[in-house]
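# Tertiary structure, described
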Amino acid sequence: MTTVAAYAAPAAKAPLERTTIERRAVRESDVLIDIEFAGICHSDIHQAQEGWGKAIFPMVPGHEIAGVVSEVGPGVTKFQVGDRVGVGCMVDSCRVCENCLKGLEQYCLDGNTGTYNAVGRDGEPTYGGYSQKVVVDENFVLRIPDGISLDVAAPLLCAGITTYSPLRHWNAGPGKKVAVVGFGGLGHLGVKIAHAMGAEVTVLSQSLRKQDDGKKLGADHYYATSDPKTFEELRGSFDLILSTVSAPLDLGAFLSLLRTDGALVNVGAPEEPVSLNLFSVIGGRKTLAGSGIGGIQETQEMLDFCAEHGIGAEIELISASEINEAYERVQSSDVRYRFVIDTATI
Ligand code: NAP
Ligand code: ZN
Ligand code: ZN
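What you see as residue numbers is a count from 1 along each chain, following the sequence as written. Key to labels: chains lettered from A, ligands numbered from 1, both in the order written. Two thresholds apply to this predicted model, a pLDDT of at least 70 for residue-level local features and 80 or more for giving and counting side-chain atom pairs, whereas whole-chain, interface and lining totals are computed over all residues. The side-chain numbers reported here are obtained from all heavy atoms of the structure, hydrogens and water having been left aside.

### Side note on the coordination of the zinc ion (ligand 3)
Coordinating donors are taken to be N, O and S atoms lying within 2.8 Å of the metal, or within 3.2 Å when the metal is Na, K or Ca; because water is excluded from the atom set, some sites may appear incomplete. Coordination of the zinc ion (ligand 3) by the protein is provided by Cys-94 (SG), Cys-97 (SG), Cys-100 (SG) and Cys-108 (SG), with metal-donor distances spanning 2.3 to 2.4 Å. Geometry assignment treats four donors as tetrahedral when all angles are between 85 and 135 degrees, treats four as square planar and six as octahedral when opposite donors are over 155 degrees apart and all others between 65 and 115, and treats everything else as irregular. One can describe the site at the zinc ion (ligand 3) as tetrahedral: its four donor atoms subtend angles covering 102 to 121 degrees at the metal. Site description for the zinc ion (ligand 3): donor spacing in sequence, C-x2-C-x2-C-x7-C. Of this pair, Cys-97 sits in the loop between strand 6 (90–92) and helix 2 (98–101) while Cys-108 is found in the loop between helix 2 and strand 7 (113–114), placing the two residues eleven residues apart along the sequence. Where helices and strands are cited, they refer to DSSP runs of H or I of at least four residues and of E of at least two residues respectively, numbered from the N terminus.

In structure tokens form, the structure reads like this:
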């Protein structure tokens, strides 16, 4: 066991504070990672505030981890000391169910093991990336290509794969009109990735405040959803709408923006349920779908795709003492576009 510094929420809704946690000794197929950067995902806030239901405390959030391997177990074959690596939202799964065998570990039928706020298959609680080191089985560790620096790579481990996976699955590409709802952490990466895939990209944001950034990062069009004219003008326009909104949304209004056979894929995980008049999907044979992160192999594919296309997150690098302030800013949609913690400051 190694004692390492971390930032934790001691209880639901309590401010995060510096503490120490124990990391297990490296086992046969484990990798010890010296964490350099950890992104702040809105999911960290939902969980630290028990917005999704009962959580485990103390909680060390963080599932956008980038760092360097500093030790490997005797059975490790994929990584060596000095490798640049990342860890995303899960650190284990059953590995034998139908979904795990298909590379869909995120949908493991026995439940994947979350990077934090979970109990590992060894019965021990898991602690996330707001810390200086982490020990993870090599099968849940990703390689960060040389072309991406670690600070802007960290958010790809959740926000990147969560947008890449549905964009791929629903065939975003040349000739496709894709809208991204919400221009925050997930949204801005969704725009960059959809643009790199060759789609015509529209941002649907609450206001035009971030329009210049949106256009710079790859959006062809940018509209404010606070303006009712937006919904008239864009009616029936899109093949695919990706909603990254963290709060309940008027899904019917957004479904009206789809073409016949279009799909609205929701990745936002609001704390309250939403209601929907089902005529919104009947007319026009529309699909309403959801998507959760991505499998390990697909996450590696996403990192390689991002390196090839020069994609990293737009970040505000913060010290650990600024985490609570960053949480407040994320909650008021004041993020440009991902807060990343320099873990040397923990
Ligand atoms: P974020 O950085 O806070 O971005 C969310 C964006 O949604 C905001 O920037 C804002 O964009 C928009 N928004 C916020 N409140 C809104 C409201 N009341 N009405 C309309 N729009 C609103 O959060 P994130 O880290 O990208 O995460 C987004 C959501 O995805 C969270 O719920 C998170 O838990 C979830 N998530 C899901 C998965 C998955 O696997 N499915 C993975 C990661 C995260 P504008 O300012 O542009 O309007
Ligand atoms: Zn996340
Ligand atoms: Zn499984």
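### Thoughts on the pattern of salt bridges
Any Lys or Arg side-chain nitrogen found within 4 Å of a carboxyl oxygen on Asp or Glu counts as a salt bridge. For the coordinates displayed, the defined rule picks out 17 salt bridges. In this structure, Arg-27 and Asp-122 form a salt bridge, with 2.7 Å as the shortest nitrogen-oxygen distance. In this pair, Arg-27 is assigned in the loop between strand 2 (17–23) and strand 3 (30–39) and Asp-122 in the loop between strand 7 and strand 8 (133–137), connecting sequence segments 95 residues apart. A simple rule labels every residue: compare its accessible area, found with a 1.4 Å probe on the protein chains alone, to the largest value its type can have, and call it buried under 20%, exposed over 50%, or partly exposed in between. Overall, Arg-27 belongs to the partly exposed group, its relative accessible area being 41%. Classification of Asp-122 by relative accessible area gives partly exposed; the value is 35%. Ionic pairing is found between Arg-338 and Glu-64, a salt bridge with its closest N-O pair at 2.8 Å. Of the two residues, Arg-338 sits in strand 17 (residues 338–342) while Glu-64 sits in the loop between helix 1 (42–48) and strand 4 (65–72), which places them 274 residues apart along the sequence.

### Let's talk about the site of ligand 1
Around ligand 1, a shell composed of 29 residues is seen, among which His-42, Phe-183, Ser-205, Lys-210 and Arg-338 lie nearest. One of the side-chain nitrogen or oxygen atoms of Ser-43 is found 2.8 Å away from an oxygen atom of ligand 1. The contact in question runs from an oxygen atom of ligand 1 to an N or O atom on the backbone of Ile-293, over 2.8 Å. Computed with a 1.4 Å probe, the accessible areas rest on the Shrake-Rupley method; for each residue, only the protein chains presented here act as cover. Across the complex, the protein chains shield 88% of the 920 Å² of accessible surface that ligand 1 would expose by itself. Its residues assigned to classes, the shell around ligand 1 shows twelve nonpolar, 15 polar and two charged. Here the shell around ligand 1 spans two domains, and each of domain 1 (2–158 + 313–345) and domain 2 (160–290) adds at least three residues to it. Being near a molecule or strand, for a residue, comes down to having at least one heavy atom within 4 Å of it. N or O atoms closer than or at 3.5 Å make up a polar contact, with two conditions inside protein: a donor-capable atom paired with an acceptor-capable one, and, for residues adjacent in sequence, both atoms drawn from side chains. Any residue outside Ala, Val, Leu, Ile, Met, Phe, Trp, Tyr, Cys, Pro, Asp, Glu, Lys and Arg is labelled polar, Gly included; the first ten of those are nonpolar and the last four are charged. Start and end points for every domain follow an automatic or database-based domain assignment.

### Points about helix 4 (residues 159–169)
A large share of helix 4 lies buried, amounting to nine of its eleven residues. Residues Ala-159, Gly-160, Ile-161, Thr-162, Thr-163, Tyr-164, Ser-165, Pro-166 and Leu-167 constitute the buried set of helix 4. Contact criterion: two residues are considered in contact whenever any of their non-hydrogen atoms come within 4.5 Å of each other. For helix 4, the elements touching its buried residues are strand 10 (177–181), helix 5 (185–196), strand 13 (238–243), strand 14 (258–266), helix 10 (296–308) and strand 17. Looking one or two places after helix 4, you find Asn-171, whose phi comes out positive at around 60 degrees.

### Regarding the UniProt feature "domain: Enoyl reductase (ER)" (unreviewed entry) in the chain
UniProt positions are given in the numbering used here, feature names are shortened, and annotations may be inferred rather than shown by experiment. Cross-referencing UniProt, the feature "domain: Enoyl reductase (ER)" (unreviewed entry) maps to residues 14–341 in the present numbering. Helix makes up 25% of residues 14–341 and strand makes up 25%, while its end C-alpha atoms are separated by 19 Å.

### Some remarks on the coordination of the zinc ion (ligand 2)
Here the zinc ion (ligand 2) is held by the protein donor atoms Cys-41 (SG), His-63 (NE2) and Cys-158 (SG), which lie 2.0 to 2.3 Å from it. Summarised as a motif, the one-chain spacing of the donors to the zinc ion (ligand 2) is C-x21-H-x94-C. Pair noted here: Cys-41 is in the loop between strand 3 and helix 1 and Cys-158 is in the loop between helix 3 (150–153) and helix 4, with a separation of 117 residues, a long-range link. Cys-41 sits in the buried class, given a relative accessible area of 3%.

### Section: a nonpolar patch on the surface
What makes a patch is a set of residues exposed beyond 30% relative accessible area and free of salt bridges, joined within 9 Å when like-charged and within 5 Å when nonpolar (Val, Leu, Ile, Met, Phe, Trp, Tyr). A surface patch of nonpolar side chains, amounting to about 380 Å² of accessible area, comprises Leu-278, Phe-279 and Ile-282. Under the relative-accessibility criterion, Leu-278 is labelled exposed at 55%.

### Notes on the pairing of strand 13
The element strand 13 is largely enclosed, with a buried count of six among its six residues. The pairing criterion for strands is at least two bridges between them, as found by DSSP. As paired strands, strand 10 and strand 13 are joined by four bridges and run parallel to one another. Across the sheet, the residue bridging to Val-180 is Leu-242, located in strand 13. The pairing of strand 13 with strand 14 spans five bridges and is parallel. Bridging across to strand 14, Ser-243 finds its partner in Asn-266.

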